[in-house]
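# Coordinate inspection notes
Chain by chain, the residues:
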Amino acid sequence: MKGPGKRRRTELILSASSVLGIFLIWYIIAEMGIFPEYFIPRPQSVWRAFTEIATTGYRGGTLLEHLGDSLFRVITGFLLACLVAVPLGLLMGSNWKVKAFFDPLIEFYRPLPPLAYYTILVIWLGIGNESKITLLFLAAFPPLSINTMSAVATVPKERIQTAQSLGAGKWRIFTGVILPSCLPGIFTGMRVSIGFTYTTLVSSEIVAATSGIGWMVLDAGKFLRGDVMFMGILVMGITGILLDRIIRIAEMILVPWKGKG
Amino acid sequence: MKGPGKRRRTELILSASSVLGIFLIWYIIAEMGIFPEYFIPRPQSVWRAFTEIATTGYRGGTLLEHLGDSLFRVITGFLLACLVAVPLGLLMGSNWKVKAFFDPLIEFYRPLPPLAYYTILVIWLGIGNESKITLLFLAAFPPLSINTMSAVATVPKERIQTAQSLGAGKWRIFTGVILPSCLPGIFTGMRVSIGFTYTTLVSSEIVAATSGIGWMVLDAGKFLRGDVMFMGILVMGITGILLDRIIRIAEMILVPWKGKG
Amino acid sequence: MSSLLKLSGVSVDFQTKRGLLTAISDISLTVEPQEFISIVGPSGCGKSTLLNVIGGFLSAGSGEVLYKGEPLTGPDRERGVVFQRPALYPWLNVEQNVGFGLKTRGMKKPERKEIVSRNLERVKLQDFGHMRPYELSGGMQQRVAIARILANDPEILLMDEPFGALDVLTREHLQDELLNIWGETHKTVVLITHSVEEAIYLSTSVYVMSQLPGRIIRRVDTPFSREYADRDSREIKSLPEFVRLREEVLGCIWS
Amino acid sequence: MSSLLKLSGVSVDFQTKRGLLTAISDISLTVEPQEFISIVGPSGCGKSTLLNVIGGFLSAGSGEVLYKGEPLTGPDRERGVVFQRPALYPWLNVEQNVGFGLKTRGMKKPERKEIVSRNLERVKLQDFGHMRPYELSGGMQQRVAIARILANDPEILLMDEPFGALDVLTREHLQDELLNIWGETHKTVVLITHSVEEAIYLSTSVYVMSQLPGRIIRRVDTPFSREYADRDSREIKSLPEFVRLREEVLGCIWS
Amino acid sequence: KGESDATSGMPEKVVIGYQAIPNGQIISKDYNWFEEAAGVPVEWVQINSGSELNTGLASGSIDIGLSGSSGIAAGIANRVPFEVIWIHDIIGDNEALVVKNGSGINSVKDLVGKKIAVPFGATTHYHLLAALELEGVDPESVRIFDMQPPDALAAWHRGDVDGSFIWEPTLAKMLEADGKVVIFSRKLAEAGYLTGDITVARKGFLEKYPDLVVKYLAGEMKAVELYRNDPQAAAAAVSRQFDIPEEEARRQMSSLVLLSGKDQLGPLYMGTPDKPGGLAGVLKATADFLVTQQTIISAPEQDVFLAALRPDLIQKALEE
Ligand SMILES: Nc1ncnc2c1ncn2[C@@H]1O[C@H](COP(=O)(O)OP(=O)(O)OP(=O)(O)O)[C@@H](O)[C@H]1O
Ligand SMILES: Nc1ncnc2c1ncn2[C@@H]1O[C@H](COP(=O)(O)OP(=O)(O)OP(=O)(O)O)[C@@H](O)[C@H]1O
Ligand SMILES: [Mg+2]
Ligand SMILES: [Mg+2]
């Protein structure tokens, strides 16, 4: 086996080569000019759009402001969903009555497209951040609750039985045994969920937004500003990776026993 | 403990009561008339829309035809994603080199909203079912690959070591040990994924569709046909539940050891 | 005073693909307070199943289980269990695992620490308090599970082959520790073991179970733990009476 | 002919929160073909770690491991392992678990069936072939793991307390089965056990390990398995020479 | 939301919905005319379609907003609580049916069997169907696809569609890419199928704060004046708002027809309260048409449309 340093280097090389590969393909296609620039803009144009929007802004907000607005919506929706979906998932997993009650509701709304029911949210909550965050909350919810529920089903029953015979009550078993046992599954759910939430961002910024990175991409599409669109997409991809990385790091710190327990 | 029959009955009662509760709330809100009928139509109107569209159709197709078109897209996209994402997830989970190469790509596109990159798909694949199914494939992919990858990380290492000392080669360990060990995680991923795919259906039917249940909902939305929208949403929700149920049943049959291994 | 634990006609069936499998059948036994009973029997005869019934984890298919005269409804802290496979919590280190029950009861940290370290010393793991369960050897994990239940100080100790993965030396040490605790705190113990010698040395009566479906085929009362509590174990094990009882139990198993 | 297995100066360290923990230190030993060696030592002294090194699952931090004169690179089917915790596959029933290795080699069904049922009989589980691992008792699972490795017919058997969860009767039966197989097929065996009696009865030499960090502190050669292979086990165990060797090993452990 | 603060008789803020269309509203927005006149905070939100506007109005979260005439007709038919206060622009040459040069289409009649992309529900959708009706072509015989402009353009480049009834800037891009115009919207407007962008105010808002609406209209009128007298400055304003080059803004604006307040009171459009103009009829016709398309359930009588028009507000704004 090689040392960890060497492995780290190989990893970086491989990751970089896959990213560079895609970049190269993009560059070649753009340079060949098969498609008009507003569909496949050249990397240089995208870079120019980036520096321009980062400094002078796009329609009333700099890139950082747009990104900030969007991240605020995504993170708020996601965290609220974690606060509700994880406990509910644990409860549904450990109590079949709770499950019988909530399962049909979650299962019903889960496959519904945000675009289809967004109108109803807007009617109730208006066009402000409330309806946007609610939409993101609803998007973040199901992967969390399903992964959590499935995780509960795989808790070895001896762990719970041991706790019972040590005198732990329901609450203590819930927080002290079931919750930590499910952490690996919960983190998987969080990773799936944050990505999903982010993809819903554009839908949430379709209606009556004048800021946000998703809105910027959509709006640029209307004006056939391919460079801005690509730039926005790149920024979304990169920030998405960062959010995911944060969750992975949290998992490594909080669940060191993953795969060992 | 109660008998399984009694439990089954209580479950049904609870599920029914939650569904009926929501229905009742809907009914009351609709009857109170706080919101105009095109936003919150009354159950009767929705039922009328249902019978009408089921028989005479909506703009050139009956309900069943629309639903059939959509299900074909969703299921094809989902199955293709399973075929690719599950093996790739297993590979990425068991080989860090494969992971280093593919991870950045998946992580990058994962948070991207379909609406943002759909135009690019249309340029490459045209306006037919190809681009729609590709979009659904891309939506179905990440929950599958992430859940599968996480599942690999939790395979007890003794299982793999035992297989090695029994003379199993890489391939046999892959298919005979890692794959079955990951089945519970894969099924969780499938459940999350099918829901996600379904929510993307509407986005995929935004472009150049003149059939499909998602298109129907969107189109009805444009013209304030709240009754048709609600009906479409209900149909999507119910078919979504059915698809999910199929996966759950498959899981029960294929992974009887869940939570026992 | 009524019996602490009373099983009458208890049977347990498991549903398998090829129909019902009767694991234990018509088991009746009574455990009085401060008794130390051992259960021996062939592999797969239903010992763990029986322990699960007594622990309250499994409800008997037929028959009755009374604890202090009341029907048993579920597990509680009066009956502490050591399972055949130590179920430690990987997110807690060894000390926290041992202190789990105490913390549940809201015991303050200094007191808890005291009890935890006393029990870790008992199982000779005082130097490993900060390690995680998955960093321990099989035998060490088993010892943590024993320390955990001892720290919790239940009325009955239910132990499923607690010393199975231990070397002779550690095993003898823990046997003597268990005897001391039993003698000092007047606990009741139900021990499943494969070592007939251990059973006779430790308990007040030994129950021998039959092949599947498990029934109790013999009960042998043994005096050593009561009478010779403070003598040297090797000496006791070579007493003629000890050898005779061992042969009796073994004979019963072999027959 | 070179040694089958040769360890020289092998050490293994584990990274823990509070620094390195040396599990085994400077272990050198040689195993010749058809030897049957046993390793005994206190709980947590590094026996399983040593077995993992021999199995190829863990690379030695320092020192050299040669198998048939070549440096060991990883696990393979020549060295079959029974782990301390039976790692059975829950998606396979007992028969399929036992047949796993054979199927891997592409053996046809009738032949495989034959070998599987012979080995299930060996561990007395012929009636449980259709059950799933999670429907078995702890001892039964251990026996399935033994049958699985026997069915696979490796050159060296590496066994980590394989009989730990078994009752006396089953244990003696399996000991004799193992001796028979060893005698007939000229295999090499490395056995970790807590029973000194078992070690002396079965092996050609017994290695005694020290407390953590584990070193080999004594090697005792024992003649019984070679010389008395077809005699009655109880008789052998009461031979004065047997008792003397047992006391020697025990003395070494106790010191 | 925009509701009152009873003591001062002024709302906390006014929410105005605008669309990404270069017109007077954008100029007025750029110059902050309404903000200055109103004296309350103004929030501008971008909306993308008539249905979005209708939703925003119904939920009370938009006070004033604009949409294409199809969306307005559907809104009135569905009794969304709003009233028409201003005609933003009449669609002239900024929307057109374009087809590929090689497609063999030279007139609307040639569309039979061809593939045409159009955003459903938009004014161009209405115009496409109207054009077919005018020429007596069965809409069933044309393959019509629902596509937003960028996707329509993508399909155009691939050759997946033969033509599209579309607006700027996509229209220009299609023309550049080997396209030609078959018919401009202006032609259809002349034939009686008028389309335009129409501003409406939420009923609740209008009843409470008619003065604010009048002030808003004053800004719109100023914008039309600027557009007529100083196109350079108007284009600069639009270019600032949309981050597009000034020439591009000018080009797009040149094809619009902006109406002054006086024009709107004429017989072709709103008319006056005593002498109603043609707009109510146009909206009624649009709604009737949508009914035939199965997109709305029914269209009310003409007086309902008439009742939804408020030329009196324009008169008031003109007086001030
Ligand atoms: N993954 C690990 N990380 C850190 N320490 C470990 C790890 N695995 C084992 N150890 C330590 O190495 C030492 C030896 O462990 P090992 O499992 O080899 O003991 P053993 O001799 O097999 O004991 P037993 O008879 O109880 O099974 C122990 O002190 C244990 O704590
Ligand atoms: N969940 C289950 N489903 C089906 N059968 C089971 C299940 N659990 C146990 N059994 C069966 O019940 C019988 C008794 O099992 P049990 O675990 O009580 O044995 P045991 O006496 O503890 O054996 P050991 O000494 O090997 O631990 C076994 O034959 C086993 O196959
Ligand atoms: Mg057992
Ligand atoms: Mg070990």
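Quick caveat, the model's predicted, so the values are computed rather than measured.

Rules used in this analysis
Residues numbered from 1 in each chain as written. Chains lettered and ligands numbered in written order. Predicted model: local features only at pLDDT ≥ 70, side-chain atom pairs only at ≥ 80, totals over all residues. Heavy atoms only, no water. Pairing = 2+ DSSP bridges. Helix = DSSP H or I, 4+ residues; strand = E, 2+ residues; numbered from the N terminus. Axes fitted to C-alpha atoms, helices over the stretch in contact; angles between N-to-C directions. Contact = heavy atoms within 4.5 Å. Donors = N, O, S within 2.8 Å, 3.2 Å for Na, K, Ca; no water. Near = heavy atom within 4 Å. Polar contact = N/O pair within 3.5 Å; in protein donor to acceptor, adjacent residues only side chain to side chain. Nonpolar A, V, L, I, M, F, W, Y, C, P; charged D, E, K, R; others polar. Areas by Shrake-Rupley, 256 points an atom, 1.4 Å probe, with all protein chains shown as cover. Buried area = accessible area lost by both parts, 1.4 Å probe. Salt bridge = Lys/Arg side-chain N within 4 Å of Asp/Glu carboxyl O. Patch = residues over 30% accessible without salt bridge, like charges linked within 9 Å, V, L, I, M, F, W, Y side chains within 5 Å. 1 Å grid on protein atoms, 1.4 Å probe; cavity = no way out; pocket = protein on both sides within 12 Å on 5 of 7 lines; lining within 4 Å. Points joined across faces, edges and corners; volume = space filled by probe spheres on them. Buried < 20%, exposed > 50% of the residue type's maximum accessible area, 1.4 Å probe, protein only. Least-squares fit on C-alpha atoms with pLDDT ≥ 70 in both. Core = buried A, V, L, I, M, F, W, Y, C linked by side-chain atoms within 4.5 Å. Right-handed = clockwise from strand over helix to strand, strands pointing away. Domains from an automatic or database assignment. Phe/Tyr/Trp six-rings, centres within 6.5 Å; stacked < 30°, edge-to-face > 60°. Lys NZ or Arg CZ within 6 Å of the ring centre and 35° of its normal.

All names here are of chain D. Spatial ordering of the open sheet is given by β6-β7-β8-β3-β9-β10, a layout of six strands whose pairing is mixed. Edge positions in the sheet fall to β6 (79-82) and β10 (216-221), since each of these pairs with one other strand and no more. Neighbour to neighbour, the strand axes of the sheet diverge by 15 degrees on average, direction disregarded. As paired elements, β6 and strand β7 (residues 156-160) share four bridges and run parallel to each other. In the sheet register, valine 81 faces β7, and the bridge partner there is leucine 158. Set on the sheet, helix α1 (residues 47-55) makes contact with β3 (36-40), β6, β7, β8 (188-192) and β9 (205-209); between it and β7 the angle comes to about 155 degrees. With respect to the sheet, helix α9 (residues 240-254) is in contact with β3, β9 and β10, its orientation differing from that of β10 by roughly 180 degrees.

Of all six pairs of chains in contact, the one with the most contacts involves chains A and B. These two, chain C and chain E, are apart from each other, with no contact and a minimum C-alpha gap of 49 Å. Structurally, chain D and chain E remain out of contact, their C-alpha atoms never closer than 49 Å.

Attention now moves to the coordination of the magnesium ion (ligand 3). For the magnesium ion (ligand 3), the full set of protein donor atoms is Ser48 of chain C (OG) and Gln84 of chain C (OE1), and the range of their distances to it is 1.9 to 2.3 Å. Highlighted residues: serine 48 of chain C in helix α1 (residues 47-55) and glutamine 84 of chain C in the loop between β6 (79-82) and α2 (94-104), separated in sequence by 36 residues.

In the vicinity of ligand 2, 24 residues are found, and the nearest of them are Lys47, Ser48 and Thr49 of chain C together with Glu135 and Ser137 of chain D. Those chains with residues close to ligand 2 are chains C and D. Contact distances for ligand 2 include 2.7 Å between an oxygen atom and a backbone N or O atom of glycine 139 of chain D. Elements with a contribution of two residues or more to the shell around ligand 2: β1 (5-16), β2 (19-31) and α1 of chain C together with α4 (138-152) of chain D. Looking at the shell around ligand 2 residue by residue, the classes come out as ten nonpolar, eleven polar and three charged.

Moving on, we come to the site of ligand 1. Neighbouring ligand 1 are 24 residues, the closest being Glu135 and Ser137 of chain C together with Lys47, Ser48 and Thr49 of chain D. Neighbouring residues of ligand 1 are not confined to one chain but are distributed across chains C and D. For ligand 1, an oxygen atom lies 3.2 Å from a polar atom in the backbone of cysteine 45 of chain D. For ligand 1, an oxygen atom lies 2.6 Å from a polar atom in the side chain of serine 48 of chain D. Coverage of ligand 1 by the protein chains reaches 90% of its 630 Å² of free accessible surface.

This paragraph deals with the interface of chain D and chain C. Listed per partner, the contact involves 40 residues of chain D and 40 residues of chain C. Overall, the association of chain D and chain C removes approximately 3,000 Å² of surface from exposure, summing both partners, and the carbon and sulfur fraction of that is 55%. Inspection of the chain D/chain C interface yields zero salt bridges. Taken together, the residues of the side of chain D that touches chain C sort by class into 15 nonpolar, 14 polar and eleven charged.

What follows concerns the side chain of histidine 127 of chain E. All names here are of chain E. Residue placement: histidine 127 occurs in helix α5 (residues 123-134). In terms of polar contacts, histidine 127 uses its side chain to reach the backbone carbonyl oxygen of tyrosine 193, at 2.6 Å. Every residue in contact with histidine 127, bar those within four places of it in the chain, is listed here: Phe165, Ser185, Leu188, Ala189, Tyr193, Leu194 and Thr195.

There is a patch of nonpolar side chains on the surface, built from Leu24, Tyr27, Ile28, Met32 and Ile34 of chain A and spanning about 500 Å² of accessible area. Assignment of secondary structure puts leucine 24 of chain A in helix α1 (residues 4-32).

Before going further, it helps to examine the sheet that holds strand β2 (residues 19-31) of chain D. All names here are of chain D. Read across the open sheet, the four strands follow the order β2-β1-β4-β5; overall the sheet is antiparallel. The sheet terminates laterally at β2 and β5 (70-71), the two strands that pair on one side only. Taken strand by strand, α1 contacts β1 (5-16), β2 and β4 (62-67), and its axis lies near 120 degrees from that of β1.

Taken as a whole and assessed by the stated rule, the structure comprises 14 cavities of 30 Å³ or more. Here the second largest cavity is characterised by a volume of approximately 130 Å³. Lining the second largest cavity are 16 residues, and of these Thr199 and Ser203 of chain A together with Pro114, Thr199 and Ser203 of chain B sit closest to its centre. Sorting the residues of the lining of the second largest cavity by element identifies α5 (114-125) and α8 (170-204) of chain A together with α5 (114-125) and α8 (170-204) of chain B as the ones contributing at least two each. Of the residues assigned to the lining of the second largest cavity, the class counts are ten nonpolar, six polar and no charged.

Around the magnesium ion (ligand 4), the protein contributes the donor atoms Ser48 of chain D (OG) and Gln84 of chain D (OE1), at 1.9 to 2.3 Å from the metal centre. We classify serine 48 of chain D as partly exposed; its relative accessible area is 22%.

This part covers the relation of the copies chain D and chain C. When chain D is fitted to chain C, the residual RMSD is 0.0 Å, and the transformation amounts to a turn of 180 degrees plus an axial shift of 0.0 Å. Considering both components of the superposition, the chain copies are consistent with a two-fold axis. Residues of chain D ranked by C-alpha distance from the rotation axis are headed by glycine 164 of chain D, positioned 2.9 Å from it. Of the residues that chain D buries at the interface, 100% are likewise interface residues in chain C, meaning the two copies contact each other through the same surface.

With that settled, consider the pairing of strand β9 (residues 143-146) of chain E. Bridge analysis of strand β8 (residues 115-118) of chain E against β9 of chain E gives four bridges, and the strand direction is parallel. Along β9 of chain E, the bridge assignment pairs lysine 115 of chain E with arginine 143 of chain E.

Looking now at the interface of chain A and chain B. Each partner contributes residues to the interface: chain A has 69 residues there, and chain B has 69 residues. Where chain A packs against chain B, one counts ten salt bridges. Of the charged contacts in the structure, one is a salt bridge between arginine 110 of chain A and aspartate 244 of chain B, with a shortest N-O distance of 2.5 Å. Elements represented by at least two residues in the side of chain A that touches chain B include exactly α1, α4 (96-109), α5, α6 (129-153), α8 and α10 (226-254) of chain A. Taken together, the residues of the side of chain A that touches chain B break down into 41 nonpolar, 15 polar and 13 charged.

Ile27 and Met147 of chain E are the most contacted members of the largest nonpolar core, which has 394 residues in total. For isoleucine 27 of chain E, the residues in contact, after removing those within four places along its chain, are Trp33, Ala223, Leu226, Tyr227, Ala234, Ala237, Val238 and Met253 of chain E. In terms of nonpolar packing, the next biggest core, distinct from the first, is built from 28 residues, Ile39, Val53, Phe83 and Ile156 of chain D among them.

So, on to the pairing of β7 of chain D. Residue and element names in this part refer to chain D. Burial within β7 is extensive, with five of its five residues counted as buried. Along β7, one buried face is formed by Ile156, Leu158 and Asp160 and the opposite face, lined by Leu157 and Met159, is buried too. Sheet analysis places β7 next to β8, joined by five bridges and oriented parallel. Its bridge partner lying in β8, leucine 158 is registered against valine 190. Of the crossover connections in this fold, the one passing from β7 over helix α5 (residues 168-185) to the parallel β8 is right-handed.

On to the domain arrangement of chain A. Residue and element names in this part refer to chain A. On domain assignment, one finds that chain A holds domain 1 (1-34) and domain 2 (41-260). Here domain 1 and domain 2 have C-alpha centroids that lie 28 Å from each other. Opposite the five residues of domain 1 that make contact, domain 2 presents seven residues. Carbon and sulfur atoms supply 75% of the area buried between domain 1 and domain 2, which totals about 470 Å² over both sides.

Right, let's get into the packing of aromatic side chains. Tallied over the full model, the rule gives 35 aromatic pairs over all chains. When the centroid spacing of 5.4 Å and the interplanar angle of 35 degrees are considered together, the rings of tryptophan 26 of chain A and phenylalanine 230 of chain A count as tilted. Placement of tryptophan 26 of chain A in helix α1 and of phenylalanine 230 of chain A in helix α10 is noted, with a sequence separation of 204 residues between them. Each member of the pair, tryptophan 26 of chain A as well as phenylalanine 230 of chain A, carries the same accessibility label: buried. Ring geometry for tryptophan 257 of chain B against tryptophan 91 of chain D: centres 5.7 Å apart, planes inclined by 50 degrees, an arrangement best described as tilted. One end of the pair, tryptophan 257 of chain B, is in the segment after α10 (226-254); the other, tryptophan 91 of chain D, is in the loop between β6 and α2 (94-104), on a second chain. For tryptophan 91 of chain D, a relative accessible area of 11% puts it in the buried group. Through a chain of ring-to-ring contacts, three or more aromatic side chains come together here, namely Trp257 of chain A together with Tyr89, Trp91 and Phe100 of chain C. Note that arginine 148 of chain C overlies the ring of tyrosine 89 of chain C, its terminal NZ or CZ placed 5.3 Å from the centroid.

All names here are of chain B. Buried residues dominate helix α9 (residues 213-222), accounting for eight of its ten residues. Along α9, the residues that are buried comprise Ile213, Gly214, Trp215, Met216, Val217, Asp219, Ala220 and Gly221. The positive-phi residue at the C-terminal boundary of α9 is leucine 224, with phi of around 60 degrees.

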